[in-house]
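As a plain string of letters, each chain reads:
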Amino acid sequence: MMKVLIADQPTVAELLPMRECVELMERTLRNLAEGGATLPLRSSMILPEGENRMLLMPSALPSIGALGAKVITIFPGNHGGPFDAHQGVVLLFDDRHGALRALVDATAVTALRTAAVSAVATRALARPESAELAILGAGTQGATHLEAILLVRPLRRVRVYDPDQDRARRFAERESERREIPVAAVQTAREAVEGADIVCTVTTSPEPVLEGRWLKPGAHLNAVGAYTPATRELDSETVARARLFADRRESLLRESGEFLIPAREGLIGEEHFQGEIGEVLTGRVAGRRSSEEITLFKALGIAVEDLAAAHHVLEQASARGTGTFVEIGAGHFGSG
């Protein structure tokens with residue numbers, strides 16, 4: 001029988017600290033850009049309610065001997081309640097025998113790796129002296145993005161906006177104390193964005209929450225929340241003004257409302273897309289070209305990020321002799 005790791009949220013948080021996750025995501029995105037991954041588009045099943053869905057995200061990373069899939073549900077109505085909007089597991093198999101090696105909490109993995117990838121993009125594209133951060137969305141991703149961006153840029157001030165003003169206020173109070181930098185809750189998205197060097201949109205809004213005219217020259221933007229062809233957090237002017245990058249070319253061109261909607265409007269074409277962030281990291285594509293240029297990283301969230309994170313958690317649990325292991329499968333059922 002095979003020993004299989006069951007990694008809950010506290011285990012993931014312990015074994016995948018943000019600093020390690022940022023470096024892991026950079027290596028993974030470089031590997032992807034160099035052709036070292038198998039990564040089909042995710043499959044989505046929309047439930048009868050319309051906004052709720054289940055996603056299946058398979059991938060393989062031969063360099064670490066891993067294959068697997070994230071199976072996740074997305075219920076936007078959970079925001080503000082006892083359940084996270086994203087729930088599920090990452091299933092990790094070895095690529096030698098196809099044996100199951102780990103079941104890892106996907107809520108924790110998604111929260112960490114998403115912010116870590118934004119930090120990788122910020123380190124590659126934002127001006128080095130960037131010091132003011134705007135966060136639109138005061139949920140889990142808002143908190144992990146603040147933690148991650150602090151690792152790659154010398155932030156001095158943060159402004160957060162959320163339609164739920166009490167939520168934004170609580171976020172600002174908690175994170176000011178935790179991070180020991182000023183975090184202010186503001187009344188409007190515009191107030192948060194104007195003058196910011198870095199902007200992270202981490203909302204569940206299906207319609208734009210940010211207008212391009214608010215962005216100052218030289219700003220860098222991480223657009224994270226929207227993930228379907230019909231939804232977007234950014235208006236068309238934002239995308240048209242910016243030098244556009246993504247985690248995966250195929251995902252952007254097939255799945256991203258941020259790209260597809262302004263393309264249908266005739267404002268941009270495929271040539272507006274500059275390249276994958278992994279291509280910037282490997283030097284195949286130029287990143288920021290001037291201090292005045294606006295750069296935009298559109299994150300779709302891709303399965304190799306989840307797979308690499310789950311593999312790291314398994315490696316750390318095995319090395320430290322920690323975590324919960326159970327016997328599942330691998331042998332012949334009913335034999336001997």
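Residues numbered from 1 in each chain as written. Predicted model: local features only at pLDDT ≥ 70, side-chain atom pairs only at ≥ 80, totals over all residues. Heavy atoms only, no water.

J.: Any chance you could explain helix H9 (residues 257–264) here in plain terms?
T.: The buried count for H9 comes to 6 of 8 residues, which makes it a mostly enclosed element. Those residues of H9 lying buried are Gly257, Glu258, Phe259, Leu260, Ile261 and Pro262. Elements that come into contact with the buried residues of H9 comprise helix H7 (236–241), strand S12 (243–246), helix H8 (249–255) and strand S14 (295–298). Its side-chain oxygen at 3.3 Å from the backbone nitrogen of Glu258, Ser256 defines the N-terminal cap of H9. The positive-phi residue at the C-terminal boundary of H9 is Gly266, with phi of around 80°. (Buried < 20%, exposed > 50% of the residue type's maximum accessible area, 1.4 Å probe, protein only. Helix = DSSP H or I, 4+ residues; strand = E, 2+ residues; numbered from the N terminus. Contact = heavy atoms within 4.5 Å. Polar contact = N/O pair within 3.5 Å; in protein donor to acceptor, adjacent residues only side chain to side chain.)

J.: What am I meant to see in a nonpolar patch on the surface here?
T.: Among the surface-exposed residues, Ile6, Val326 and Ile328 lie close enough to one another that they form a single nonpolar patch of about 190 Å² accessible area. In this fold, Val326 is placed in strand S15 (residues 324–327). (Patch = residues over 30% accessible without salt bridge, like charges linked within 9 Å, V, L, I, M, F, W, Y side chains within 5 Å. Areas by Shrake-Rupley, 256 points an atom, 1.4 Å probe, with all protein chains shown as cover. Salt bridge = Lys/Arg side-chain N within 4 Å of Asp/Glu carboxyl O.)

J.: Help me understand the sheet that holds strand S2 (residues 43–46) in this model?
T.: The 7 strands are arranged S2-S3-S4-S5-S6-S1-S15 in an open sheet whose pairing can be described as mixed. The strands lining the two open edges of the sheet, one partner per strand, are S2 and S15. Here the average twist between neighbouring strands, direction ignored, is 15°. Direction of pairing for strand S1 (residues 3–7) relative to S15: antiparallel, over a ladder of 4 bridges. The residue of S15 that forms the bridge with Leu5 is Phe325. (Pairing = 2+ DSSP bridges. Axes fitted to C-alpha atoms, helices over the stretch in contact; angles between N-to-C directions.)

J.: Is there a simple way to think about the pattern of salt bridges in this case?
T.: All told, the structure shown has 28 salt bridges when counted by the stated rule. Of the charged contacts, one joins Arg123 and Glu26 as a salt bridge, the two residues approaching to 2.7 Å between their closest N and O atoms. Of this pair, Arg123 sits in helix H3 (residues 106–125) while Glu26 is found in helix H2 (residues 18–33), placing the two residues 97 residues apart along the sequence. Using a relative accessible area of 14% as the deciding quantity, one classes Glu26 as buried. We note a salt bridge from Asp162 to Arg167, for which the minimum N-O separation is 3.5 Å.

J.: When you look at the nonpolar core in this model, what are you seeing that I'm missing?
T.: Counting 72 residues, the largest nonpolar core has Val12, Met25 and Leu133 as the members making the most contacts within it. Setting aside chain neighbours within four positions, we find Leu133 in contact with Leu146, Ile149, Leu155, Arg157, Val158, Arg159, Ile198 and Cys200. Membership of the second largest hydrophobic core comes to 28 residues, among which are Leu210, Ala219, Ala242 and Leu300. (Core = buried A, V, L, I, M, F, W, Y, C linked by side-chain atoms within 4.5 Å.)

J.: Could you clarify how one ought to interpret the packing of H2 against helix H11 (residues 303–320) in this entry?
T.: Angle between the axes and distance between the axes: these two values describe a pair of packed helices. Their axes nearest at 10 Å, the elements H2 and H11 cross at an angle of 130°. Between H2 and H11, the interaxial angle falls into the category oblique. Pair H2 / H11 crosses with right-handed handedness. Note on element contacts: H11 touches H2 through Val304, Glu305, Ala308, Ala309 and His312, opposite Glu20, Leu24, Met25, Thr28, Leu29 and Leu32. Of the residues that constitute the contact of H2 with H11, the class distribution is 7 nonpolar, 2 polar and 2 charged. (Parallel < 35°, antiparallel > 145°, perpendicular 65-115°, else oblique. Left-handed = near helix turned anticlockwise from the far one by under 90°. Nonpolar A, V, L, I, M, F, W, Y, C, P; charged D, E, K, R; others polar.)

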